[in-house]
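Next come the chains, spelled out residue by residue.
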Amino acid sequence: MWRKASRLVRETRARETRRQGQTEAPAASTTTTAIKGRTQTAKGLLLTWMQLAVLVAATVLLNCTGCQAAGRAPPEPYYGRYIGNFTNFAHGIKGKIYAVDESTLFVKSFAYDGTGPDAFFWVGKTPRPSPEGYIIPYPEEYSGIDPPILQAHNRTDIILRLPMGKRIKDIRWLSVWCRRFTVDFGEVFIPPNLDVPKPRVLPEFKRLAHGLRSSNISVLDAKTFYIPNLHYDGAGPDAYFWVGNGSEPNIMGVKVPNEMGSLEPLRGYQGEDIEIQLPGGLTVYDIDWLAVWCVEYRHNFGHVYIPRDLDVPPALGQTKITPPWWYSPTTTTPRPVYSNCREILPNRLQVKWELQGEYIQIELFGQITEDQYMAFGLSGANGRPQMAQSDVVVAFYDTNARVFRAEDYFISDLSQCDGQRGACPDERLGARNDVVVVSGDRKNGVTTIRYKRLLQTNEALYDTAIPIDREVSVIAAIGPLNARKEANAHSHTASDHNQDDIRINFGARNDHACKSSLYDVKDESGPRPWPTRKIEGVRKFRASIGPTGGKRGYTAITGGPSWGIAWYVNDLLIPEITVERGLSYEFIVEGGNDPSQPARYHPFYITDSPEGGLGQKMGLEARKQKAYAGVEYDEDGDAIPTAAGRYCEWEHQTIDRSAEIETFEEYVKTLVYRCAEGEPGYLNWTVPMNAPDELYYQCFTHNNLGWKIKVVNMGASRGAHIGSSHLSLYGIMTVISLVATRLLFRGSVLA
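These numbers come from a predicted model, not from an experiment.

> Quick rundown of the sheet that holds strand β29 (residues 534-535)? Include the residues and the values.
In spatial order, the strands read β29-β33-β43-β42-β35-β36; together these six strands make up an open sheet with mixed pairing. Edge positions in the open sheet fall to β29 and β36 (627-629), since each of these has one partner strand only. Judged from the four bridges that link them, strand β33 (residues 576-580) and strand β43 (residues 707-712) form a sheet pairing that is parallel. Note on β43: the bridge partner recorded for V579 is V711.

In structure tokens form, the structure reads like this:
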């Protein structure tokens, strides 16, 4: 406090001096030496009292500022809106419950002895806890069909996310409930009309320099900003995201890591959506503005002010920083341009890299399938490619968890990992995974995974330091994954690992030897994809569920991952549908109408999102996509599906035989169509005249089930051309028929 007050005194005096120098004209120097001598003592005394007064004022100001901050910020520690304490009935249930946001609860210091035979976190909307509720799975990530039974806890802090798009307003209580014996071990009731913290939308960046602009910025939680449609030319020599206090951005600010967590100077952005998080213990309640600031030249490129009446969710880890590739699947924004690129395996694997302080960021591009991995790292022997004793990263798409992964491996010898030797993840050897996944993508048969690691880790046994002052031999390989989602030991061929000694200086710049993109390479391996089916000139559709067709079907058509089922429209796997603006279309929907069976509940809707799943999205994520049909909104602005009917599915008669069947028509013969009892749902849609050229039919509750709707002007579809040509031909034939009839009639009269 004293140091802050002293500094404030010095700054206040300096400001007063500058202000007097700017506003007061120099006084005439006519005072005599005698007067100057007589006033010296009084002047010194006056200055001493003035300093003391300023110091006292500064101290009061700081205290007032602290009061204001306390009035502005919630009390620390901040966990959200307090709901209440668990009431214990059995098994030692304890804990304080907070509402974090619209769909998240936080239990502080949860205690439970773990001896209940079938206990879960349980919520519902009946007056008291009852069997008419549903489980909040904890932990959130689990394997198997059913959520795990609640284990013992001793003062554990727990985050609970309501499932299936439910919100806190939809429940009346939280209980620790034994499902087998229908017993309530402990409960807490949700106050009616609870005002939960919500994200706050701010204005866009003020546009001052270097083309900086954005759409409206949002505060997602106490530490996280969402910046959509960010534009910046990247030409600032020393520019960073910058936060601080005061009426304008100034030099007394703090750097904020970019969306990758890096504190390198900002690159250029061309309409990208990003999220950034405040560093350390800093929160939005501690700052007055967010800016893009050039440190070297002390220049503000643009900023946005942080209001003082924020009431946003706490930062408890519930807001997961989304990888940049996820935000705008339809964006045409290029990825960051790397100056370094090597093609390690011809037409199969490329590696790009850049240094970021103590870290190196590497991006692998691989022509691999969903059951394969790509590996890259330092050779086990410098001067030749050697797998044994090598330190590599194995990267792949995990089809079970539906996430991109990069694992730190040490290969002691070329055998299957037994937990001690072989091609083993470091974590199985008792070490740690020093690799952090930054982003991942899969399209057009190419898997892209970007990760970073320290140049020098603290694990001398299994990690090799990456030198940046000389060349080092590297290795790369592509191979199959085993059931554990680990690199499977196998015999390598000449095309799936590098046979020659390839050396890279990771400290080099502009080491760019890649001649073309892997996206331009046609993948000849594996079964040939089925061509995309198209429907034009049709006004009535039936939408039901069916299998994705393995490697020939959904993923091959869309370039995105699938999770086993997809829409079948008019008995075709995700066909591309053409519709005309101004015309009306009917969809008969048979995707299930029972929300209690999530795996068989797929309301149909039309959107501009190539991913869909609007029911899973909340807040800003939900507002990123627009629904054109099949969705209504309640008074709170929440989306409600309207096109749901009985469940009908194309099922395999035996097993999936897509890999061995060349055509979709033959594949359908291996399926059988079955429907549950009930009536189908209906969706009638008149295509708006201002509809974009490309939309998607999707599932409301799940991602990646549908495909494209091509929107054209009235009369522009092929079906319309066929119809008009048929009509013209019919007209011509009618005229010819009438003329012929008249001639015949005239001939008969003359006869």
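Moving on from the model shown.
> Account for the sheet that holds strand β13 (residues 239-244), naming residues and giving values.
Strand order in the open sheet formed by four strands is β14-β13-β16-β17, and the pairing between neighbours is antiparallel. What marks the edges here is a single partner per strand, and that holds for β14 (254-256) and β17 (299-305). Adjacent strand axes in the sheet meet at a mean angle of 35° when their direction is disregarded. One ladder, built from three bridges, connects β13 with β14; its direction is antiparallel. Bridged to V243 within β14 is V254.

> Could you give an account of the state of the cysteines, with specific residues and numbers?
With the rule as written, the count across this model stands at three disulfides. Residue pairing for C341: its cysteine sulfur links by disulfide to C514, the two sulfurs lying 1.9 Å apart. Of note, the bridge from C341 to C514 carries an S-S torsion of about -85° and is left-handed in sense. Here C341 is found in strand β18 (residues 340-345), whereas its partner C514 is found in the loop between β28 (502-504) and β29, with 173 residues between them in sequence. Comparing C341 with C514, the two get one shared label, buried. There is a disulfide in this structure between C417 and C424, and the S-S distance comes to 2.1 Å. Looking down the S-S bond of the C417 and C424 bridge, the torsion is 105°, so its handedness is right-handed.

> If you had to explain the pairing of strand β22 (residues 390-398) to someone new, which residues and values would you point to?
For β22, a buried count of nine out of nine residues is recorded, marking the element as mostly surrounded by other parts of the structure. Pairing between strand β21 (residues 372-378) and β22: five bridges, direction antiparallel. Note on β22: the bridge partner recorded for F376 is V393. In terms of strand pairing, β22 meets strand β23 (residues 403-411) through nine bridges, oriented antiparallel. The residue of β23 that forms the bridge with V393 is D408.

> Explain the pattern of salt bridges to me, using residue names and the numbers behind them.
Per the stated rule, a full pass over the model turns up 39 salt bridges. Between R503 and D501 there is a salt bridge, with its nearest N and O atoms 2.9 Å apart. R503 sits in the partly exposed class, given a relative accessible area of 35%. It is possible to trace a salt-bridge network through shared partners that takes in R167, K169, D634, D636 and D638.

> Can you tell me about the nonpolar core, naming the residues and giving the values?
In this structure, W567, F587, F604, I606, W685 and Y697 are the most contacted members of the largest nonpolar core, which totals 44 residues. The element that contributes the greatest number of residues to this core is strand β31 (residues 565-569), accounting for five residues. If near-sequence neighbours (up to four positions away) are discounted, I606 is found in contact with F587, K626, A627, Y628, A629, L683, W685, L695, Y696 and I709. Core analysis: the next-biggest nonpolar cluster, separate from the first, contains 32 residues, V219, V284, Y285 and I287 among them.

> Requested: an account of the environment of I475, with residues and values cited.
Here I475 lies in strand β27 (residues 472-480). Each C-alpha atom, one on I475 and one on S379, is 5.2 Å from the other, the two residues being 96 residues apart in sequence. Those residues in contact with I475 that sit more than four places away from it in its chain are A375, F376, G377, L378, S379, P385, Q386, M387, S390, V392 and N498.

Scoring rules and cut-offs
- Residues numbered from 1 in each chain as written.
- Predicted model: local features only at pLDDT ≥ 70, side-chain atom pairs only at ≥ 80, totals over all residues.
- Heavy atoms only, no water.
- Pairing = 2+ DSSP bridges.
- Helix = DSSP H or I, 4+ residues; strand = E, 2+ residues; numbered from the N terminus.
- Axes fitted to C-alpha atoms, helices over the stretch in contact; angles between N-to-C directions.
- Disulfide = S-S within 2.5 Å.
- Buried < 20%, exposed > 50% of the residue type's maximum accessible area, 1.4 Å probe, protein only.
- Salt bridge = Lys/Arg side-chain N within 4 Å of Asp/Glu carboxyl O.
- Core = buried A, V, L, I, M, F, W, Y, C linked by side-chain atoms within 4.5 Å.
- Contact = heavy atoms within 4.5 Å.

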